[in-house]
Amino acid sequence: MASQLRITIIGAGVAGLVAAYELEQLGHQVEILEGSSRIGGRIYTHRFGSDASAPFVELGAMRIPSHHRNTLSYIHQLGLDHKLETFKTLFSDAAAYHFTDAGFVRLRHAAQVLVEEFRARLAGDGYRDEEILFGTWLTAIGNAIAPANFRDSIFEDISLELLKLVKGIDLTPFLRGDHKDRFDLHGFFAAYPHIRSSSSGRLNRFIDDILNETSPDLLRLAGGMDQLVRALAERIRGPIRCGHEVVGLAVRDHDVLVDIRQGDHIVTKRCDYVLCTIPFSLLRRLRLCGFSEEKLAVIRNVQYWSATKVAFLCAEPFWVRDGIDGGASFIGGRVRQTYYPPVEGDPDRGAVLLASYTMGDDADVIGGMDPSRRHAVVLHEVSRMHPELLAPGMVRDVVSLAWGQHRWSCGGGVTRWGKDAAACEEERALAARPEKRLFFAGEHCSSTTAWMEGAIESAIHAVREITRDEPRTPVAVARHHM
Ligand SMILES: Cc1cc2nc3c(=O)[nH]c(=O)nc-3n(C[C@H](O)[C@H](O)[C@H](O)COP(=O)(O)OP(=O)(O)OC[C@H]3O[C@@H](n4cnc5c(N)ncnc54)[C@H](O)[C@@H]3O)c2cc1C
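Everything numeric here is computed off the predicted structure, so don't read it as measured data.

Engineer: So what about the side chain of E443? Which residues, and what values?
Structural biologist: If you trace the backbone, E443 turns up in the loop between strand 25 (438–440) and helix 16 (452–467). Given a relative accessible area of 5%, E443 falls into the buried group. At 2.9 Å, the side chain of E443 and the side chain of R42 are in polar contact. Once residues within four sequence positions are removed from consideration, E443 is found in contact with R42, Y304, G413, V414, T449, A450, W451, G454, A455 and S458.

In structure tokens form, the structure reads like this:
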């Protein structure tokens, strides 16, 4: 290596940590400035207790699609392979509940009423039964995972666009279940990729999301997703300084000035190279100088979706007695999705129910409530499906996190729904583009937004960019002072 660079990384989320780890592997020197008091950012395992056997819930990332190769590669490198287990998701457990016009029905009995709902909304007849089943299950999944402002458009896209595209295709090989009333959407889109690629940008993103979120090939990290960030942090030699909030950035020709809040005053640090992983939802509130107009525009315009999770620590996993073996129910209302994570650790310490997982404007509704009202609303709505929750002593503790309102995120993740492939790539490239010696990473700079995979992909890309033009300012002659 020609010269050792000194790089200041802002943010100790997975993007910042992966970049720090990789830069050190290449022989460079790093320090990380993290505004909050913890590392991990949107990887956030909340533990109901301080010891290893305490029950926990993932308030941020919780599953890994098996094709997310970068994420799995770090899990492998960090020796966490043996902790990978199957993640059971929405629509995977036939005993889970699904909210329909007829009330709550078990998923295994839901087809008939969902088909009736779908047919009632369709204009005109003339569809084969299997086309109806295809449209029915796509709509049901869309309804369960899409935020409110997209739900109607999804039905329109499916009924007006997709049903036409599947005309003439033999759909019978994809029918599933004893009564052949379920539909294997993953198998279908794998067998007919052109259906996806010939559909509109909005529909394409939607199909991508439903395939990821309801995939049978999702994984989890037993013991908590925070093991990934902790293992990375343990391998980083440079300092990770929590409680160092960056409040301003000035790009100059040969360095970057970083304003850091230290108690009640601001300290300016001159840095040779800076890698900024702060979400743009927060970066646009900072004092930014010397940025190009194009960069400021993308920082301002990138769109974020909210996400809110509410979890109950229950005295026991009562859902198991009800025949539910994991996965998730779709409950609708303000709560949307309810997950049943496996019980890990000491069962006497209780079992966690991820009572509500909402996204987009649904997450803003519930996230905008003060926590005590939010918890009461979720308890009320979920107890209509699970009255066991109202038994005295059943709910021992509750925790929630509204990422749209969270000080260190101000959004759950970047959404590019509604944009076509070219517009998505244009936004990604601009978001990731460096400003002189200020580089950028984070899920918002990737093609896989709102996933750990995207954050990691962007970090690897940024490391390549930073180290591309070596040799540059060697540490020996660089001035570096606070
Ligand atoms: C509810 C939810 C569920 C998710 N589920 C999944 C999932 O199942 N699977 C998956 O792969 N992904 C999931 N994701 C997405 C995944 O968690 C993120 O894409 C990824 O963790 C983002 O990493 P990052 O490093 O880009 O950003 P972040 O993790 O947000 O890191 C940015 C860091 O910068 C810090 N920071 C912010 N402002 C400042 C400042 N001014 N000064 C200094 N530091 C600052 C923050 O505190 C934070 O630590 C989920 C996200 C959410 C919110």
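Engineer: Help me get a handle on the site of the ligand, residues and values and all.
Structural biologist: Residues in contact with the ligand amount to 38 residues; listed here are only the nearest, E34, R42, R63, V246 and M452. Between an oxygen atom of the ligand and a main-chain N or O atom of A15, the distance comes to 3.0 Å. For the ligand, a nitrogen atom lies 2.9 Å from a polar atom in the backbone of V246. Protein contacts shield 98% of the accessible area of the ligand, which totals 1,000 Å² for the unbound molecule. Where the shell around the ligand is concerned, the elements lending two or more residues are helix 1 (14–25), strand 13 (245–251), strand 19 (307–314) and helix 16. Looking at the shell around the ligand residue by residue, the class counts come to 21 nonpolar, 11 polar and six charged. Structurally, the shell around the ligand is a two-domain feature, drawing no fewer than three residues from each of domain 1 (6–42 + 227–300 + 415–477) and domain 2 (46–89 + 219–223 + 304–402).

Engineer: Lay out the layout of surface pockets in plain terms, naming residues and giving numbers.
Structural biologist: In this structure, the second largest pocket encloses a volume near 480 Å³. Along the walls of the second largest pocket sit 29 residues, with R220, Y340, P341, P342 and V343 positioned nearest its centre.

Engineer: Could you give me a rundown of empty space enclosed by the protein, with the residues and numbers involved?
Structural biologist: The final tally for this structure, using the stated rule, is one cavity of 30 Å³ or more. Size it by volume and the largest cavity reaches roughly 50 Å³. Lining the largest cavity are A144, I145, A146, P147, R336, Q337, Y357, T358, M359 and D362. Counting residues per element, the ones that place at least two in the lining of the largest cavity are helix 4 (129–145), strand 21 (336–339) and strand 22 (351–359). Considering only residue class, the lining of the largest cavity consists of six nonpolar, two polar and two charged.

Engineer: Give a description of the domain arrangement of the protein chain that names residues and reports values.
Structural biologist: Segmenting the protein chain into domains produces domain 1 (6–42 + 227–300 + 415–477), domain 2 (46–89 + 219–223 + 304–402) and domain 3 (103–214). Contacts between the two partners involve seven residues from domain 1 and, on the opposite side, 10 residues from domain 3. Here domain 1 packs against domain 3, burying approximately 750 Å² in sum over the two surfaces, 66% of which is carbon and sulfur. Considering only the surface of domain 1 that becomes buried against domain 3, W417, G418 and W451 emerge as the three largest contributors, covering 75% of it. Counting every contact that joins domain 1 to domain 3 gives zero salt bridges. For the side of domain 1 that touches domain 3, the residue count by class is two nonpolar, two polar and three charged.

Criteria and cut-off values
- Residues numbered from 1 in each chain as written.
- Predicted model: local features only at pLDDT ≥ 70, side-chain atom pairs only at ≥ 80, totals over all residues.
- Heavy atoms only, no water.
- Helix = DSSP H or I, 4+ residues; strand = E, 2+ residues; numbered from the N terminus.
- Buried < 20%, exposed > 50% of the residue type's maximum accessible area, 1.4 Å probe, protein only.
- Polar contact = N/O pair within 3.5 Å; in protein donor to acceptor, adjacent residues only side chain to side chain.
- Contact = heavy atoms within 4.5 Å.
- Near = heavy atom within 4 Å.
- Areas by Shrake-Rupley, 256 points an atom, 1.4 Å probe, with all protein chains shown as cover.
- Nonpolar A, V, L, I, M, F, W, Y, C, P; charged D, E, K, R; others polar.
- Domains from an automatic or database assignment.
- 1 Å grid on protein atoms, 1.4 Å probe; cavity = no way out; pocket = protein on both sides within 12 Å on 5 of 7 lines; lining within 4 Å.
- Points joined across faces, edges and corners; volume = space filled by probe spheres on them.
- Buried area = accessible area lost by both parts, 1.4 Å probe.
- Salt bridge = Lys/Arg side-chain N within 4 Å of Asp/Glu carboxyl O.

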